[in-house]
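Working through the structure, step by step
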Amino acid sequence: MLEIAIGIILGCCAIGASIAVLTGIGPGIGEGQAAAKACEAVGRQPESKSAVTSTLIMGCALTETTGIYGLIIGILLIFVAPGSFVNILKSAVEWSKGIL
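Conventions used here
Residues numbered from 1 in each chain as written. Predicted model: local features only at pLDDT ≥ 70, side-chain atom pairs only at ≥ 80, totals over all residues. Heavy atoms only, no water. Axes fitted to C-alpha atoms, helices over the stretch in contact; angles between N-to-C directions. Helix = DSSP H or I, 4+ residues; strand = E, 2+ residues; numbered from the N terminus. Parallel < 35°, antiparallel > 145°, perpendicular 65-115°, else oblique. Contact = heavy atoms within 4.5 Å. Nonpolar A, V, L, I, M, F, W, Y, C, P; charged D, E, K, R; others polar. Buried < 20%, exposed > 50% of the residue type's maximum accessible area, 1.4 Å probe, protein only. Left-handed = near helix turned anticlockwise from the far one by under 90°.

This part covers the packing of helix α2 (residues 25–44) against helix α3 (residues 49–79). Following both chains from N to C, one finds α2 and α3 inclined at 175°, their axes separated by 9 Å at the closest point. As far as their axial angle goes, α3 and α2 are roughly antiparallel. Here Pro27, Glu31, Ala34, Ala35, Ala38, Ala41 and Val42 of α2 lie close against α3, whose contacting residues are Lys49, Val52, Leu56, Cys60, Thr63, Glu64, Thr66 and Gly67. The class makeup of the residues in the contact of α2 with α3 is nine nonpolar, three polar and three charged.

If you want it as structure tokens, here you go:
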């Protein structure tokens, strides 16, 4: 029974990690659109290139943080969370054996 519970924990951590890593799709699309609009803006007004570029870099940096957060959560769910959850499960099983 304990092995099944451990398998469920590992499976749920893997599913959660895959969902967390999918957050990288949004920043990729957003940064691509921002770069395209920045190229259009520079093409229309070449004299405003430095202002457009600095705004683009700041926007891309802010956008990329969500993807990085998702990557960090995914890594934590793969490497840290299963061990913690399994230890909690094992201590709960030992505790329940002491009561019964």
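Position of Ala35 among the secondary structure elements: in helix α2. Relative accessible area serves as the criterion here: at 32%, Ala35 is assigned to the partly exposed category. Linking Ala35 and Leu2, residues 33 residues apart in sequence, is a C-alpha distance of 51 Å.

Attention now goes to the packing of helix α1 (residues 2–21) against α3. Remark: α1 packs on α3, axes separated minimally by 8 Å, with the N-to-C direction vectors making an angle of 170°. It follows that α1 is roughly antiparallel to α3 by the angle criterion. With respect to the hand of their crossing, α1 and α3 are arranged in left-handed fashion. Taking contact as the criterion, the partners of Cys13, Gly16, Ala17, Ala20 and Val21 in α1 are, on α3, Gly70, Ile73, Gly74, Leu77 and Ile78. The residue inventory of the contact of α1 with α3, partitioned by class, reads seven nonpolar, three polar and no charged.

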